Amino acid sequence: MPSKKRNGERRSKKMAAAPATPKDDNQLAADLRRLKIEDDDVGATASDEAVIAASLGGSDPEVGTKQLTGGAPSEATCWICLGEGPDDDGQPLLRNCSCRGESGFGHLSCIVDFAKAKIRHIKSPSDMSKFNIAWQQCPNCMQRYRGELGLLLAAECIKFVENEGTCSDWRLLSAYNLNFIALSTLRSGEAEEAGKKCLSLAEMMKCKPDHSLSIETIVNIETCVFGMLGDLSLRSRTVEGDQKALQCFERAQSLLRGLPDSLLVDSHSLSFLADLEMKIGQLKTKPQENVTAYKKRNSDAVSKLRQAYEASVLEYGEDSFFAITQGEGLARCLKNANCGIASERMLRKILLLSRRVLGHEHPDTRRIEWSLSFAECRLVAVLHGSNAGEIFKAVRYESDGDQCVIQGPLKNPSEEFSTEHDAITVDSKHILPIASTPVICHGLTNATALNGKIGDVRNWSAESGRLVVHFDDDSIKPTAVVRSTRFTVDTKPEQSTRNIPQFDQPRRARSMVLGRGIF
């Protein structure tokens, strides 16, 4: 594979084939190639193989190289220097954004030099967002760098800022924050320490009488760090982790509410505050909590997140990264509020957008696919027999709906729903759809207008033996349905999400009958 030194004869031809970027970025890349900017102008070049491997957590340089190549096509070139294959130091072409095909690949040293050149004239803290974008966002697809590449660039950003002659505190805080964000998706232990370092610097800056950043900007950074630290603590799935997460979420909420109301009207603030309130409410929920209070809290969270999503769509466009992210948060909140149909509909919508904007292999797209798969899983509880109280996945009905084939039990449905389990057959009258499960009523004699109507189960009253169903048709009032009523658990995602475009391969339609009877 020729190195970039041996590509001089090909570069003039390949210039026209370079990935489309904004005019100033193309010009900057061309300047870097033409002038061969030295280290004194734009900073140190990329680290050697051993340093990169060490930053990846391993001592073997080959390990780091293999993790970063990402399977670059043989004809791929660095979009900055236009060199094919590894650079002069043997470092491979890297890419971890939303570029596709042969576009978007670059040498780490070239990407770092490009970022340094872009921020060379940024001196004012009012341009903090431009500083962040230079290190965090691919100028070709306009999406964030992810994974190890994002982490390497954050480390290079810190190194660059710390080695500046006059290291400004706002640049250092920005670099620490970028490093924390990159670590939070890869290494929880290191991320916690990076987050504390970021918070410590932010607190020190607030105490300075002549701090360069506004208090509002510093507080916004603090709230994001506390929120992400809370999410990291939740991953431990322990009582201590939940308590720690609650403290972080409440601290973030307190900081946000301390800001003037005029600063809490943008879509980001609205979405973040609603998400915090939802998580705090879930962590504080007690078994004996009043059901009405619980439902009101979920309803409030859904309302606020929907408002934030609509504001984001209006401000940035439906296919923007921000709208996709906030749409995912809204879908998650809808699921928590037992609005299964609305959650599934939103997930299908943003999955289509994420596949088009971010790509099929993007981690955010994969996460949305997982969420949709879980939303499409129809869960039921067994009421009698040796499996009483266990959660199962309903598969199909047999014997004209008298028998139901189920798989399980699922000790942790959100983790086990995609795993194959032993199938058993039970009487349909001995199973109960859990909250958020879409159902279709049919065979009713006293309320024939509800036959064929789709709704989702919101809750179950053991005393009255009734399921509370909210119908997809807003003109139909929520109805308390006797458990023995004949209805179908809707396992046809295309029914409950009609009007939403289908994707690569539509799932095979199935229908299931749960119980018999009338109102």
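Refer to the preceding data block for the structure.
In what follows, the accompanying structure is described. Keep in mind it's a predicted model, so treat the numbers as computed, not measured.

1. A few points about the overall build of the chain
Okay, step 1: Looking only at helices and strands, the chain has 19 helices and 13 strands in total.
Okay, step 2: By residue count, 49% of the 519 residues in the chain fall in the buried class.
Okay, step 3: Sequence separation of at least 24 residues holds for 62% of the intrachain contacts in the chain that already meet a minimum separation of 6.
Okay, step 4: When the accessible surface of the chain is split by element, carbon and sulfur atoms take 51% of a total near 25,100 Å².

2. Considering the pattern of salt bridges
Any two side chains of opposite charge can pair if their charged atoms end up close together.
Okay, step 1: If you walk through the whole model with that rule in mind, you get 26 salt bridges.
Okay, step 2: The shortest N-O distance in the salt bridge between Asp473 and Lys453 comes to 4.0 Å. Of this pair, Asp473 sits in the loop between strand E10 (466–471) and strand E11 (479–482) while Lys453 sits in the loop between strand E8 (438–441) and strand E9 (454–461), and the two are 20 residues apart along the sequence.
Okay, step 3: Taking the relative accessible area as the measure of exposure, Asp473 reaches 31% and is therefore partly exposed.

3. Observations concerning the sheet that holds strand E4 (residues 391–398)
Think of a sheet as strands paired side by side through backbone hydrogen bonds, with each pair either parallel or antiparallel.
Okay, step 1: Sheet architecture is open: five strands sit in the order E6-E5-E4-E3-E7, paired in antiparallel fashion. With one partner strand each, in any of the chains shown, strand E6 (423–427) and strand E7 (431–433) form the two edges of the open sheet. The sheet shows a mean angle of 50° between the axes of neighbouring strands, taken without regard to direction.
Okay, step 2: The sheet contact formed by E4 and strand E5 (residues 403–407) spans five bridges and is antiparallel.

4. What to know about the packing of aromatic side chains
Okay, step 1: Tallied over the full model, the rule gives six aromatic pairs.
Okay, step 2: When the centroid spacing of 5.7 Å and the interplanar angle of 70° are considered together, the rings of Phe131 and Trp170 count as edge-to-face. Remark: Trp170 occurs in helix H9 (residues 169–184) and Phe131 occurs in helix H7 (residues 128–136); sequence separation between them is 39 residues.
Okay, step 3: An angle of 40° between the planes, with centres 6.0 Å apart, marks the rings of Trp135 and Phe160 as tilted. Of the two residues, Trp135 sits in helix H7 while Phe160 sits in helix H8 (residues 147–162), which places them 25 residues apart along the sequence.
Okay, step 4: In this structure an aromatic cluster arises from ring pairing among Tyr316, Phe321 and Phe322.
Okay, step 5: When the ring centre of Phe374 is taken as reference, the NZ or CZ atom of Lys335 above it lies at 5.5 Å.

5. Some words on the packing of helix H12 (residues 239–257) against helix H13 (residues 267–284)
Okay, step 1: Their axes nearest at 9 Å, the elements H12 and H13 cross at an angle of 145°. In the crossing of H12 with H13, the sense of the turn from one axis to the other is left-handed. Touching Asp242, Ala245, Leu246, Phe249, Glu250, Ala252, Gln253, Leu256 and Arg257 of H12 are Phe272, Leu273, Leu276, Glu277, Lys279, Ile280, Leu283 and Lys284, all from H13.

What counts and how
- Residues numbered from 1 in each chain as written.
- Predicted model: local features only at pLDDT ≥ 70, side-chain atom pairs only at ≥ 80, totals over all residues.
- Heavy atoms only, no water.
- Helix = DSSP H or I, 4+ residues; strand = E, 2+ residues; numbered from the N terminus.
- Buried < 20%, exposed > 50% of the residue type's maximum accessible area, 1.4 Å probe, protein only.
- Contact = heavy atoms within 4.5 Å.
- Areas by Shrake-Rupley, 256 points an atom, 1.4 Å probe, with all protein chains shown as cover.
- Salt bridge = Lys/Arg side-chain N within 4 Å of Asp/Glu carboxyl O.
- Pairing = 2+ DSSP bridges.
- Axes fitted to C-alpha atoms, helices over the stretch in contact; angles between N-to-C directions.
- Phe/Tyr/Trp six-rings, centres within 6.5 Å; stacked < 30°, edge-to-face > 60°.
- Lys NZ or Arg CZ within 6 Å of the ring centre and 35° of its normal.
- Left-handed = near helix turned anticlockwise from the far one by under 90°.

Fair warning: the whole summary comes from geometry, so function is off the table for now.
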